[in-house]
Amino acid sequence: MSNQKIDLTQLNPEQLNAVKQQFDQELQHFQQSLQALMVAKSKFVECINDIKTVSSNAKNEQNILIPASPSLYIPGKIHDNKKFMVDVGTGYYVEKSDIEAIEFYEKKINKLNKESVQIQDIIKEKSQSSMAIATQMRQMAMQQAMAAKEGANKATPTAVK
């Protein structure tokens, strides 16, 4: 992200439009990134809830369906409801206890929360900049319209009696 300041009053309408389009594209990118973080966060919250459900004492030796594909399930039975295989990234799985697994996902959620706050701050800054550019564009359009109107008034001869 560039912290370069631009004097909007020194730009012509085409340049202002190009800068606004760039800001709007960046804003859209950050909004999509924030949405992706929220989706990831909800998946981790779901993992924690699943761990808590499966690891409760009443759920020992329970029957489950294991997904083999999106539409194929294999029946299974949980023999140790206190141990989980946790995807730690890039296809690696590590066995963790229920407490360790929950802590792992809570750390992930905390990291995503911090990143979300940073992205929200960037979005706020980009939105304010985009609004400032739009305001400058409107002011320039009004000035051009007034100048055109004044030019038209000067060009029209007045009738003499």
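Look up: the structure comes first, before these words.
This section reports on the structure supplied with the text. Owing to the predicted nature of the structure, the values given are computational and were not obtained by experimental measurement.

Moving on, we come to the overall build of the chain. A tally of helices and strands in the chain yields two helices and four strands. Starting at the N terminus and ending at the C terminus, the chain contains elements arranged as α-β-β-β-β-α. In summary, the chain has a C-alpha radius of gyration of 29 Å against a globular reference of 15 Å for 161 residues, an excess of more than 25%. Counting every position in the chain, which comprises 161 residues, the buried fraction comes to 24%. A sequence separation of at least 24 residues applies to 58% of the contacts in the chain between residues at least 6 apart. In the form shown here, the chain has an accessible surface area of approximately 12100 Å², with 55% of it arising from carbon and sulfur atoms.

Counted by the stated rule, this structure contains two aromatic pairs. Pairing F44 with Y105 gives two aromatic rings, centres 5.6 Å apart and planes at 35°, and the pair type is tilted. Of this pair, F44 sits in helix α1 (residues 13-55) while Y105 sits in helix α2 (residues 98-155); the two residues are 61 residues apart in sequence, bridging distant segments of the chain. This pair shows no difference in class: F44 is buried, exactly as Y105 is. Ring geometry for F104 against Y105: centres 5.2 Å apart, planes inclined by 80°, an arrangement best described as edge-to-face. Accessibility expressed as a relative area gives 18% for F104, which makes it buried. Take Y105: its relative accessible area is 8%, and that puts it in the buried class. Ring pairs connect the aromatic residues F44, F104 and Y105, which therefore count as one cluster.

This part takes up the layout of surface pockets. If you add up the space inside the largest pocket, you get close to 530 Å³. Lining the largest pocket are 21 residues, with D50, V54, I64, F84 and M85 positioned closest to its centre. Those elements that place two or more of their residues in the lining of the largest pocket are α1, β1 (63-69) and β3 (83-89). Ranked by residue count, the leading element in the lining of the largest pocket is α1, at six residues. Counted by class, the lining of the largest pocket contains twelve nonpolar, two polar and seven charged residues.

What follows deals with the pattern of salt bridges. The tally for this structure, following the rule as stated, stands at five salt bridges. Two residues, K83 and E95, come together in a salt bridge whose shortest N-O distance is 3.8 Å. Placement of K83 in strand β3 and of E95 in strand β4 (residues 92-97) is noted, with a sequence separation of twelve residues between them. Note on K83: relative accessible area 47%, which makes it partly exposed. We classify E95 as partly exposed; its relative accessible area is 48%.

Reading the values: the criteria
- Per chain, residues are indexed from 1 in the order of the written sequence.
- Per-residue local features are limited, in this predicted model, to residues with pLDDT of at least 70; the limit for side-chain atom pairs, both in listing and counting, is 80 or more; totals at the level of whole chains, interfaces and linings are taken over all residues.
- Only heavy atoms go into the side-chain values, all of them from the structure, while hydrogens and water stay out.
- Only DSSP runs of H or I reaching four residues or more are called helices, and only runs of E reaching two or more are called strands; each is numbered from the N terminus.
- Just to be clear, the radius of gyration here is over C-alpha atoms, and the globule rule we use is 2.2 Å times residues to the power 0.38.
- Burial here depends on accessible area, computed with a 1.4 Å probe over protein chains only, as a share of the maximum for the residue type. Under 20% is buried, over 50% is exposed, and the range in between is partly exposed.
- Residue contacts are counted whenever heavy atoms from the two residues lie within 4.5 Å of one another.
- Accessibility throughout is a Shrake-Rupley quantity obtained with a 1.4 Å probe, and a residue counts as covered only by protein chains that appear here.
- Ring pairs shown here join Phe, Tyr and Trp side chains whose ring centres sit within 6.5 Å, with only the six-membered ring taken for Trp; geometry is labelled stacked below 30 degrees between planes, edge-to-face above 60, and tilted in between.
- Both site types are read off a 1 Å grid over the protein atoms alone. A 1.4 Å probe that fits but cannot get out defines a cavity, while an open set with protein on both sides within 12 Å along at least five of seven lines defines a pocket; lining residues have an atom within 4 Å of a point.
- Grid points are joined across faces, edges and corners, and a volume is the space filled by probe spheres set on the points.
- Charged means Asp, Glu, Lys or Arg here, nonpolar means Ala, Val, Leu, Ile, Met, Phe, Trp, Tyr, Cys or Pro, and polar covers whatever is left, Gly included.
- Here, a salt bridge means any side-chain nitrogen of Lys or Arg that lies within 4 Å of a carboxyl oxygen of Asp or Glu.

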